[in-house]
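# Observations on the model geometry
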Amino acid sequence: MKKGLSALILAAGKGTRFKSDKIKVLHPLMGKSMLQWVVDSVERLRPDVIHIVVGYQEDLVQKSITGRKINFILQKEQLGTAHAVLSARSALRRKAQNDLLIMNGDLPLIRAETLRPLLTHHREKGNSLTFLTTDLVNPTGFGRVMLSDAKTIKIIEEKDATPAQRKLTEINVGIYLFAIKDLLEDLAQVSNTNKKGEYYLTDMIEIFARNGRKVGKHKTKNTEEIVGVNDRYELARAMDALRLRKIKSLTERGVTVCDPGSTWIDCNVKIGRDTVIYPSVILEGESVIGSHCTLYPYVHLTDTRVGKRVKLLSSSMIEQSVIQDDAQVGPFTHLRPHSVIRKGAKVGNFVEMKNTVFGRYSKAGHLSYLGDAEIQDRVNIGAGTITCNYDGIKKSITRIESGAFIGSGTELVAPVKIGKKAYVGAGSTITKDVSSEALAVSRSRQEERPGWARRKRKK
Ligand code: UD1
Ligand code: CA
């Protein structure tokens, strides 16, 4: 009978070297926390259960991690990686016949494609323990793989290694496969007689060998995935790798990315084919962009849906909004949450919107604030139009019906409604509703004093 698989992710440690108020494994990389990357890769192996050992800020971790069949286990004190496994003992016992994939929570780059061969190797050899290794040009920070005096393999932690041992380049990745039954039998034999005074999971290799169990290693060539993120420089390196991985997958789907070096696209962002992304574009969260769009430099999108053939001109910031097909936005537009730009509309320089629906083929070319507004189709908003939506206590709605024309420099004091095809004269302050097809002007009449300047000069 085929053995089942359980998984155990170690995520209780604080991550002291991060110098952060937040636990290390919750730091985000390209739209997903470090631990979520690990959980998602492990999930692709379809384990029966994923145990996550939590300790520091355990409530935060439990709240933010999502997935199927996750079971959190509390390690009250962080006394080392073997101690973390020990705290999961009773949970593991429930599936004692399974294999167990144990993985450090700080390996966000590892893909399921790298885990699978380890599992296959482990099962083909019928091992009690198989661990993943790789050769690194710079092995600093990792445990080194070596032969003990008894010629069995063991792992020596960097802190405990001699200078000669530190030169060894085959390292322990921090991913292991155990036969659960054997692990539970021998785990209590780990001691903490080492430099850090911790219970090392890596000691299980020697212990198993001593107890006559079958131990093996599997060496992977995917060294670019082997970044154990212990400090923020390693976090930066991991981000860079995930960033380029995302860009590569987008280009494979027909997206042009002009400058991968300056483009930041979160892992969950979707982009249609023949869309072109110019340098220094940042796309965050769950943004979705259709096909045949062009995103010019310094466009910054968060959780925004963009239709087809949309042009987003330079230096625009767009948050939690919707932009429909054939619309054009920017340069220097700020769309704050819950703005909807309907099909074919144009929003231009220094226009800010918030909680505003902007109708089909409507235009707001320059220097306007449109907040809490409902603007229907083919409306023209003149330069410098301001919806006065806030009276200091509450927010009110401005409604501008189809075909209306708002002259430049107008203040619309909400709540107010401008009827269909109505005109508002430039420079007006509108405080009352304007009927359909009417012209509303509210400004003092212009007077002229002939020769006034000449007389002034003579004085
Ligand atoms: C560990 C390995 C090392 C390996 C490296 C790979 C040990 C003793 N050493 O070292 O051989 O090369 O990973 O990245 O295992 N954790 C707990 N509870 C604890 C201690 C740690 O849950 O009591 C968790 C941490 O949150 C972390 C993981 O275990 O996610 C690894 O711990 P860490 O301190 O980063 O181990 P390394 O020193 O990197
Ligand atoms: Ca580590």
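The notes below deal with the structure included here. (Residues numbered from 1 in each chain as written. Chains lettered and ligands numbered in written order. Predicted model: local features only at pLDDT ≥ 70, side-chain atom pairs only at ≥ 80, totals over all residues. Heavy atoms only, no water.)

### Quick look at the sheet that holds strand 23 (residues 322–323)
Note the cut-off: Each pair of strands is called paired provided DSSP finds at least two bridges between the two strands. To qualify as a helix, a DSSP run of H or I must reach at least 4 residues; to qualify as a strand, a run of E must reach at least 2; elements of each kind are numbered from the N terminus.
Judged by pairing direction, the sheet is parallel, and its nine strands sit side by side in the order 14-17-20-23-26-28-30-33-36 without closing on themselves. The open sheet has two edge strands, strand 14 (270–271) and strand 36 (416–418), and neither has a second partner. As paired strands, strand 30 (residues 373–375) and strand 33 (residues 398–400) are joined by three bridges and run parallel to one another. From the neighbouring strand, I375 faces strand 33, where its bridge partner is I400.

### Examining helix 8 (residues 203–210)
For clarity, the threshold we go by: Between buried and exposed lies partly exposed: a residue is buried under 20% and exposed over 50% of the maximum accessible area for its type, with that area taken using a 1.4 Å probe on protein chains only. A contact between two residues is defined here by any heavy atoms of the two lying within 4.5 Å.
Within helix 8, the full set of buried residues consists of M204, I205, I207 and F208. Looking at the packing, one finds that the buried side of helix 8 touches strand 7 (129–135), strand 9 (153–156), strand 10 (170–179), helix 7 (180–186) and strand 11 (215–219). Where helix 8 ends, the next residue or the one after it, G212, has phi of about 75°, a positive value.

### So, the coordination of the calcium ion (ligand 2)
Here is the rule we go by: For Na, K and Ca the donor cut-off is 3.2 Å; for every other metal, N, O and S atoms count as donors within 2.8 Å. Water does not enter the count, which can leave sites looking incomplete.
Looking at the metal site, the calcium ion (ligand 2) is ligated by D106 (OD) and N230 (OD1), spaced 2.2 to 2.5 Å from it. Linking D106 in the loop between strand 6 (99–104) and helix 5 (112–125) with N230 in the loop between strand 11 and helix 9 (232–252), this pair joins segments that are 124 residues apart in sequence. Judged by its relative accessible area of 15%, N230 falls in the buried class.

### Here's the deal with the pattern of salt bridges
Let me state the cut-off plainly: By convention in these notes, a salt bridge is any Lys or Arg side-chain nitrogen within 4 Å of a carboxyl oxygen on Asp or Glu.
Inspection of every chain in the model, using the stated rule, returns 27 salt bridges. The shortest N-O distance in the salt bridge between R111 and E225 comes to 2.7 Å. Pair noted here: R111 is in the loop between strand 6 and helix 5 and E225 is in the loop between strand 11 and helix 9, with a separation of 114 residues, a long-range link. Here E225 falls in the buried class, since its relative accessible area comes to 1%. Bridged by salt links that share partners, the residues K181, D182, E185, D186 and R213 form one connected network.

### Overview of the nonpolar core
Let me state the cut-off plainly: By nonpolar core is meant a set of buried Ala, Val, Leu, Ile, Met, Phe, Trp, Tyr and Cys residues that side-chain atoms within 4.5 Å join together.
If you look at the biggest cluster of nonpolar residues, it comprises 46 residues, and the most contacted ones within it are L283, L312, I323, I341, F358 and I418. Secondary-structure elements contributing two or more residues to this core are helix 9, strand 27 (346–354), strand 29 (363–371), strand 30 and strand 36. With residues near it in sequence (within four places) discarded, I418 still touches R399, I400, E401, A404, I406, L412, V424, I430 and V434.

### Side note on a nonpolar patch on the surface
Where we set the bar: Like-charged residues are merged into a patch within 9 Å and nonpolar side chains (Val, Leu, Ile, Met, Phe, Trp, Tyr) within 5 Å, provided each residue has over 30% relative accessible area and no salt bridge. Using a 1.4 Å probe, accessible areas were evaluated by the Shrake-Rupley method; residue-level cover was limited to the displayed protein chains.
Side chains of F405, Y423, L439 and V441 sit close together on the surface and give an oily, nonpolar patch of about 400 Å² of accessible area. Here F405 lies in strand 34 (residues 405–406). Judged by relative accessible area, F405 falls into the partly exposed class, the value being 33%.

### Brief notes about the packing of aromatic side chains
To be explicit about the condition: Note on ring pairs: Phe, Tyr and Trp rings are taken, using the six-membered ring of Trp, and paired if centres are within 6.5 Å. Classes follow the plane angle, with under 30 degrees stacked, over 60 edge-to-face and the rest tilted. The rule for a charge over a ring is simple: NZ of Lys or CZ of Arg within 6 Å of the ring centre, and within 35 degrees of the ring normal.
A complete count under the given rule lists five aromatic pairs for this structure. A centroid spacing of 4.9 Å and a plane angle of 20° characterise the contact between Y278 and Y296, whose relative ring orientation is stacked. Here Y278, found in the loop between strand 15 (276–277) and strand 16 (282–284), pairs with Y296, found in the loop between strand 18 (294–295) and strand 19 (300–302); they are 18 residues apart in sequence, far enough to count as distant. Of the residues examined, Y278 reaches a relative accessible area of 31% and is grouped as partly exposed. Classification of Y296 by relative accessible area gives partly exposed; the value is 23%. Connected via pairs of aromatic rings, a cluster forms that spans Y176, F178 and F208. The residue whose ring lies beneath R213 is F208, and the NZ or CZ to ring-centre distance is 5.5 Å. The residue whose ring lies beneath R243 is W264, and the NZ or CZ to ring-centre distance is 5.0 Å.

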